[in-house]
Structure formats: structure tokens, C-alpha cells
Amino acid sequence: MNERPGATEALALEDASAAVGLEERPLPARAGLHGDRRVRVASGQGFWGDWQEAPKLQVRRGAIDYLMLDYLAEITMSIMQKQRDRDPAAGYARDFVPLMDDLIPDLLEKEIRVVSNAGGVNPEGCRAELGFAFADASLPRRPRVAVITGDDLMDSLDDLLAAGHELRHMETGEPLSAVRDRVAAANAYLGAEPIIEALRQEADIVVAGRSTDTALTYAPLMHEFSWPADDWDRLAHGVVAGHINECGCQASGGNSLVDWREIDLTLPGYPIIEAEADGTFVVTKHPDLGGRVTWATVAEQVVYELGDPREYITPDVIADFSTIRLRDLGKDRVRVEGVAGRARTDKLKVSIAYHDGFKAVGDLTYAWPDAVDKARRADEILRGRLRHLGLEFDEIRTELVGAGACHGPLAGAPSDDLPEVTLRVGVRSPDRHAVSRFSREIAPLILAGPPTVTGFAGGRPRVQEVVAYWPALIDRGIVESNVKVETMEL
């Protein structure tokens, strides 16, 4: 029986060939819609809060065609929605505007186009703020900024439910009606077509909302190489390229387990996808920056957040990650090829965030001797006091940081001679009062608890609202018929 290997097996096959001395060699010209032309899509942001110097270095330290900036995660959308509820002009990645203000002269001079999902739940507000930022800039021409809307389903949610779209939880099967009154945000994942349309409209900067992360990379490739929407293998290569790009430095040496002591991350080069018309591509970085691009760093990112490797589902194609072939060419160049794809589904994923009670987390540090026993005793005392007060919680969770909290039972019994241990206790409840009362019970342990305690200068734990995640599916036509792309000069 001839079976394809799994994702890690497939990667290992190529690693073995690299280990026996695969030599770097010039990449051959390949037949395609654009001959041997290559398009370079640089990753400049892996999440909201990522290193702000990375996109500047990508633009200023070498040649690229596109700068991809990925700001969004499921929780990010709910945070942005809460911001917009307080201020109708908010709801987008605030960091994006000063970054573009700094880079816009370079972008226009070098003809680099930006593709981002910085719009969050308010792409129009983001563009308006860009307009203010660019207003007094002395530029060779006015920047063209495209806004993509239609992913936000909040205003139409009740109509969708009334029309029979139950938006059932993808894991539990429960209909959204069970939590409808607590929904904070609902956004469908859009694919490449709106971004391609923005590029057709000659946008210099694309501001999307909840675009799928990978499309920020493969949409420019589809546009540049005129890939048909049903060329599944080429699109699957683009998806893998996007998956490698989407987490920023994680593909170029950051958060890498292999030889991490030897990787200089002071000024790391974030990954760059150097793609060809047939879909194959090389992962690289600017040569004068730190970081590292090797088989290992790319392979670690390929398997990041991966479920079934044979079904990596996006709005545009289903990519089979078990077919990926990596070849380490040396000198921070890794070729990716062999990716198979198949037809897209008739559904789009919807990311829904809803309010699910309140939480608070507090911690105290206990010092040698008997640090672990002191922390455990403090936890017992705290729980006893909560019971005395008649407080009930959906969950009380205790961790002993420094004594196996990361690995749990796999860490084995902690040493009796640890120099210090941090007791971290968290609670969750629909009752805000109960959580607030818990937050006032941490500090009394300082004097009315075990000895040699420290780390209490931060004050009482803050009561925070819990935002839970509800993944669902919806017919793609329902969403795509309302997607709009508007490009204007600022």
C-alpha cells in the first residue's frame, strides 16, 4: 500500500537529505505564467504587539515587493470590539497608523505594497486615521488605501439566526442562540479575492478586517502570477507560504528549540517568501540581519498550530501539509515544494467571541527553606477562607511556578531545596462580586499565612471579563455577497 507520509514524516525525509550534504545551488528557472520572475512577500508582524522595528527593517534592509502585517487573533477581535463600543472611532490596531506614517515615504519610493488585517472591526476608522497621519506628509504622490468590509456579522446576526443559520459550535454542536445575548463579536474569515481586488484597484496599502492570516501572503501571489482560483496545487503552495509567514520571527529563528543559544535575535530578520509562478518558493531573510532560516526553523513553524495535516482548510483551498517537501539550500534559504491542494469548501469559518463571566489571578512568591510546602499551605489556607465566605466558582486553578507548573506531572516531584516558588491562583465565575472578593483575599496571606513571602507589590489582582471563543460555519455566499472593497487616495 502506497501511503503518503504524515507531516512530520514528510519533513524528516528532506531533513535526512540535508544532513548528508545537500549543496546550495542556483534555483532553476521554471516554466510559468511569468517565467522565472520571483515575488518577495515579507512578514513584518505576527500578532498585535509584535516588534515594531521588524517591518521597518524589512522595508529598509533589502528588496521586497510586499509587506505582510498580521495583527489579528480570535481574542483580538473581541478586544477591538470592546474598544469600539467605548469609542466608535476605535476598533483597529492603533500601532499600524504610526508605523505607516513612518514608512510611507519608503513604501512609495520602493513601490512596496502593504497587505494587512489591521482594520480589525473598524477598517474605515483605520483608514480615516491614516488620512490624518498622511495629511501633512511631503510625498511624491498621494497613497492609495483600500478598505475591505463585509466580514463583520454583528449587525446581521439576529437576521441570520432568524433565517435558519444556527451557527452551531464546531466542537459541541450547540446553536449560537444559547449564548446570543452575550455575543461580543462575530467575524467571518475572508479569503484572497477581496485583497486581489484591492490590488487590482492599485492600492498601496490594503486594510482588511478578519482576513484569514495566510491570505495576506498568498493573495499577492495570486494577483502577481494570475493564478486561477481553482489551481489547487499552486494555491496550496501559497497557503503554506502564508502559514510560514504569519507568525513573524517564529520561522526565522525566534522561539526555536534547535541551536537557540547560537541564534542572534537582537536585530532579527523576519521571514521573506520568495515565490515563483509555479507556486514553489524559498523562505529567506535579509542577509545583514540576525535570526536564522534553516530546515529546522521552517519545519517548526510548519507544524505550529496544525491539526489534521492533510486538511489545512482555508477559504480558498484545502492544503495537504503531509505533501510538503523542504530542502535546506544553506545561507538562510529553504526551498518549499511538492504541496498538494484540493477544492475549497462551500463554507466560511466564523469567529465569534462572547462574554463568559469574570476571572482574577493573583500570585505570591515563597522563599527557601521549604518553599514548595509553604506555597501549598498558603493555597490550602486561601481555599479554606473562600469556603468560609461561602464563595463559589466555576473553577479555581492553582499553579506552583518553578515547581513543575509548565510540565505538570511530567516534571516529577519538585526538589525540597528549591530557592523560591511562586504560588499563582486563579478563579473564574459568572458572579463578579465573588471574583472581586477573591482578589481581596490574596494580600492577607502576607501576614496571616506562611513565612518568607515576597512579590506582593503589585496590589490586588484585577477582575477581568472572560471572553470565550465560539467557532462556527456559514454558507460562503451569505458573506461574500456583502463584501466590499473601496480604494481612495489619502
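How each quantity is defined
Residues numbered from 1 in each chain as written. Predicted model: local features only at pLDDT ≥ 70, side-chain atom pairs only at ≥ 80, totals over all residues. Heavy atoms only, no water. Pairing = 2+ DSSP bridges. Helix = DSSP H or I, 4+ residues; strand = E, 2+ residues; numbered from the N terminus. Contact = heavy atoms within 4.5 Å. Axes fitted to C-alpha atoms, helices over the stretch in contact; angles between N-to-C directions. Expected span 1.5 Å × (residues − 1). Buried < 20%, exposed > 50% of the residue type's maximum accessible area, 1.4 Å probe, protein only.

A few points about the sheet that holds strand S9 (residues 312-313)
Through backbone hydrogen bonds, the strands of a sheet pair up, either in parallel or in antiparallel fashion.
Point 1. Ordered by their spatial adjacency, 3 strands build an open sheet running S9-S10-S13, and the pairing between neighbours is antiparallel. Where the open sheet ends on each side, the last strands, each with one partner, are S9 and strand S13 (340-342).
Point 2. By the bridge criterion, 2 bridges tie S9 to strand S10 (residues 318-320) in an arrangement that is antiparallel. In the strand pairing of S10, tyrosine 312 is matched with alanine 319.
Point 3. Together, S9, S10 and S13 form the strand contacts of helix H9 (residues 232-245), whose direction differs from that of S13 by roughly 110 degrees.

Considerations on the sheet that holds strand S6 (residues 205-207)
Point 1. Taking strand neighbours across the sheet as the criterion, the 10 strands line up as S11-S12-S8-S7-S1-S2-S3-S6-S4-S19 in an open arrangement whose pairing is mixed. What marks the edges here is a single partner per strand, and that holds for strand S11 (325-328) and strand S19 (484-489). Across the sheet, the mean angle from the axis of one strand to that of its neighbour is 20 degrees, orientation sign disregarded.
Point 2. Sheet topology places strand S8 (residues 281-284) next to strand S12 (residues 334-337); 3 bridges connect them, and they run antiparallel. In the sheet register, valine 283 faces S12, and the bridge partner there is valine 334.
Point 3. The strands that helix H5 (residues 123-134) touches are strand S4 (144-149), S6 and S19; relative to S4, the one it contacts most, it runs at about 165 degrees.

A look at H5
Point 1. Taking 1.5 Å per residue, 12 residues should reach 16 Å; H5 reaches 16 Å between its end C-alpha atoms and fits that length.
Point 2. Along H5, the positions that sit buried rather than exposed are Pro123, Gly125, Cys126, Arg127, Leu130 and Phe134.
Point 3. Considering only its buried residues, H5 is in contact with helix H4 (96-110), S4, S6 and S19.

Points about the pairing of S4
Point 1. Most of S4 is tucked away, with 5 of its 6 residues classed as buried.
Point 2. Relative to S19, S4 runs antiparallel, the two sharing 6 bridges. Directly across from arginine 144, in S19, lies its bridge partner glutamate 489.

Some points on helix H3 (residues 74-86)
Point 1. If you check which residues of H3 are buried, you get Thr76, Met77, Ser78, Met80 and Gln81.
Point 2. If you follow the buried residues of H3, they end up packed against strand S5 (183-188), strand S14 (347-367) and strand S18 (464-475).

So, unusual backbone geometry
Point 1. Here the bond from tryptophan 368 into proline 369 is cis, since omega is 5 degrees, no more than 30 degrees from zero.
Point 2. Tracing the sequence through the fold places proline 369 in the loop between S14 and helix H11 (371-388).
Point 3. You will see that glutamate 202, though not glycine, has its phi angle at about 65 degrees, which is positive.
Point 4. Along the chain, glutamate 202 turns up in the loop between helix H7 (193-200) and S6.
Point 5. For glutamate 202, a relative accessible area of 55% puts it in the exposed group.
Point 6. Residues other than glycine seldom take positive phi values, yet serine 226 does so here, at roughly 55 degrees.
Point 7. Inspection of the secondary structure puts serine 226 in the loop between helix H8 (215-225) and H9.
Point 8. Looking at serine 226, the relative accessible area reads 49%, which means it is partly exposed.

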